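Descriptive analysis of the structure
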Amino acid sequence: MSETEETIKRYSTGMLRERVHTALRAEGHEPEVLKASDLGEADHFHIGGREATQFVALKLHIGLGTRVLDVGSGLGGPARYFASQGAVVTGVDITSEFVDLANELDNACGMGGSITMLRHPAQHTGLAAESFDTAVLMHVGMNLGEKRAVFTEIFRVLRRGGSLGIYDLMGSNELTYPLPWADSADTSHVESGEAYIDHLIGAGFDVSQNIDRRHEALALATRMQAGRPGPLDIPIVLGDRPELRMKHVFEAIAADLITPRLIVAVKPD
């Protein structure tokens, strides 16, 4: 099975739209007419959720008129946040179920004019060269075995001086499974921060920032353990055994096996 087929199989359930709608109604929202904030943490599929999305946007200076490419855009939570800051966003993802539901949610939030969601592989987006100011890749790299090919494609579509922000879990792939992105080590592609930097330099980028977010992740774990999550408080895309998957993630972070890290790279002028 190819890497693309593995990812589609992992995230395609046929039940995602129903689960999202059920969770929204449980919180008193009508899925057809929404504000982006109504989705809570459910559409921010990365450690730190919406707060981490805001952090990435700040570090990449995403704002009014910024042309953003969201690689592995999922249900579109980050894309909708970026659009709320005035950005024009294109999201690409290979999972049809994600793309279809993301488009529906964008329209329900009145953001369809600012966001375009496309079903394309990250290494072959089909998008025009030098057509974006910035790109983001958030907790996608753990599914990517061929990271350099993806970074090379992002380099191609960024303008000169454009930036790429990668917010991933980096470190060892010797972990306890299942995890949010994989059921076994065979389908997990965690790599060290050093390996990411090597891939980025190989693709032509200059690395400008390398920020460890372990402290914030551990603080989040403490808050989660102290509360009772509601229907929209954890990413719905986790599917089966979400509590166990998150438990294994936070145990690995606490043991310093993996760390959420933001790497910002720039395409030279």
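Figured I'd write up the structure that's included with this text.

Parameters at a glance
- Residues numbered from 1 in each chain as written.
- Predicted model: local features only at pLDDT ≥ 70, side-chain atom pairs only at ≥ 80, totals over all residues.
- Heavy atoms only, no water.
- Axes fitted to C-alpha atoms, helices over the stretch in contact; angles between N-to-C directions.
- Helix = DSSP H or I, 4+ residues; strand = E, 2+ residues; numbered from the N terminus.
- Contact = heavy atoms within 4.5 Å.
- Nonpolar A, V, L, I, M, F, W, Y, C, P; charged D, E, K, R; others polar.
- Salt bridge = Lys/Arg side-chain N within 4 Å of Asp/Glu carboxyl O.
- Buried < 20%, exposed > 50% of the residue type's maximum accessible area, 1.4 Å probe, protein only.
- Pairing = 2+ DSSP bridges.
- Parallel < 35°, antiparallel > 145°, perpendicular 65-115°, else oblique.
- Left-handed = near helix turned anticlockwise from the far one by under 90°.

Moving on, we get to the packing of helix H2 (residues 16-26) against helix H5 (residues 96-108). Look at H2 against H5: their axes get within 10 Å of each other, and the N-to-C directions meet at 35 degrees. Residue-level contacts link Leu16, Arg17, Val20 and His21 of H2 to Glu97, Phe98, Leu101 and Glu104 of H5. Of the residues assigned to the contact of H2 with H5, the class counts are 4 nonpolar, 1 polar and 3 charged.

Turning to the pattern of salt bridges, a few remarks are in order. For the coordinates displayed, the defined rule picks out 19 salt bridges. The closest approach of N and O atoms between Arg160 and Glu130, which form a salt bridge, is 4.0 Å. In this pair, Arg160 is assigned in strand E5 (residues 158-171) and Glu130 in the loop between strand E3 (115-119) and strand E4 (132-138), connecting sequence segments 30 residues apart. With a relative accessible area of 39%, Glu130 lands in the partly exposed category. With its nearest N and O atoms 3.2 Å apart, the salt bridge here joins Asp212 to Arg261. Placement of Asp212 in strand E6 (residues 206-212) and of Arg261 in strand E7 (residues 258-266) is noted, with a sequence separation of 49 residues between them.

A separate point is the side chain of Glu153. The topology assignment puts Glu153 in helix H6 (residues 147-157). The residues contacting Glu153, other than those within four sequence positions of it, are Ala122, Gln123, His124, Thr125 and Gly126.

Cis geometry is found at the peptide bond from Tyr177 to Pro178, where omega equals 5 degrees. Look at Asp256: it is not a glycine, yet its phi comes out positive at around 65 degrees. Following the sequence through the fold, Asp256 ends up in the loop between helix H9 (242-254) and E7.

On to the sheet that holds strand E2 (residues 88-93). Across the sheet, which stays open at both edges, the 7 strands sit in the order E3-E2-E1-E4-E5-E7-E6 with mixed pairing between neighbours. The open sheet terminates on both sides in strands that have one partner only, identified here as E3 and E6. Each strand axis lies, on average, 15 degrees off the axis of its neighbour in the sheet, ignoring direction. Pairing of E5 with E7 involves 9 bridges; the strand directions are antiparallel. Within E7, the position partnered with Tyr167 by the bridge is Leu262. Sheet strands in contact with H6 are strand E1 (67-71), E4 and E5, and its direction is about 155 degrees off that of E5. Contacts from helix H7 (residues 193-203) reach E5, E6 and E7 within the one sheet, and its direction differs from that of E5 by about 160 degrees.

A separate point is the packing of helix H3 (residues 49-59) against helix H4 (residues 77-84). Following both chains from N to C, one finds H3 and H4 inclined at 50 degrees, their axes separated by 10 Å at the closest point. The angle between the axes of H3 and H4 places the two elements in the oblique class. Seen from above, H3 lies across H4 with right-handed handedness. Contacts between H3 and H4 pair Arg50, Thr53, Gln54 and Ala57 from the former with Pro78, Tyr81 and Phe82 from the latter. Residues of the contact of H3 with H4, tallied by class, amount to 4 nonpolar, 2 polar and 1 charged.

These figures come from the coordinates and say nothing about function on their own.
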